[in-house]
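Residue-level structure breakdown
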Amino acid sequence: MKPQRPITSEASDDEHRVLQFRPRVAPRPLGFRGPSGGEAAEHDRPEPNDLSRYERPREEPDDFRHRMLANIAAFAFTVALTAVGIWLAMNIADLRRTQDCVLMGRRDCVRISVPNF
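Re the overall build of the chain
Looking only at helices and strands, one finds two helices and zero strands in the chain. A total of 117 residues make up the chain; the buried ones form 4% of that total. Approximately 12900 Å² of the chain is accessible, and the part contributed by carbon and sulfur atoms is 58%.

Quick look at the structure:
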């Protein structure tokens, strides 16, 4: 099967169009009037390259004790969830091993634990 191609030459011109690249221009701060304007001297300084311009004053200070307790609780929950996941995976593997043994027709599949005296 041959690929279909447009019959008119106009469609092929639209297919290979080159777009002009225009670099972005940084927005000018409010009140900027250009090099001859009066307020331009204040805005000639480059803005700091960190996140300080997004900082806001807080109404109340940080509660580090509460934050540490929340971190400890989250860590304990993660450890408990990991332990439960490992225990569950081990039990599923043991059940699968026992089921495979039974399906093969063997009779000695169950482990017998002997108490230590």
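There is more to say, and it comes next.
With respect to the environment of Arg111
Here Arg111 shows up in the segment after α2 (64–103). C-alpha of Arg111 to C-alpha of Thr98: the two residues are 13 residues apart in sequence and 9.1 Å apart in space. Residues in contact with Arg111, not counting those within four places in the same chain, are Asp94 and Arg97.

Examining the pattern of salt bridges
Applying the stated criterion across every chain yields a total of four salt bridges. Note that Asp94 and Arg97 form a salt bridge whose closest N and O atoms lie 3.4 Å from each other. One end of the pair is Asp94 and the other is Arg97, both in helix α2 and three residues apart, which spans about a single turn. Owing to a relative accessible area of 47%, Arg97 belongs among the partly exposed residues under this scheme. With a shortest N-O distance of 3.6 Å, Arg106 and Asp108 are connected by a salt bridge. On the basis of relative accessibility, which here comes to 55%, the residue Asp108 falls in the exposed class. Here the salt bridges share partners, and the residues they tie into one network are Arg58, Asp62 and Arg67.

Conventions we followed
- Residues numbered from 1 in each chain as written.
- Predicted model: local features only at pLDDT ≥ 70, side-chain atom pairs only at ≥ 80, totals over all residues.
- Heavy atoms only, no water.
- Helix = DSSP H or I, 4+ residues; strand = E, 2+ residues; numbered from the N terminus.
- Buried < 20%, exposed > 50% of the residue type's maximum accessible area, 1.4 Å probe, protein only.
- Areas by Shrake-Rupley, 256 points an atom, 1.4 Å probe, with all protein chains shown as cover.
- Contact = heavy atoms within 4.5 Å.
- Salt bridge = Lys/Arg side-chain N within 4 Å of Asp/Glu carboxyl O.

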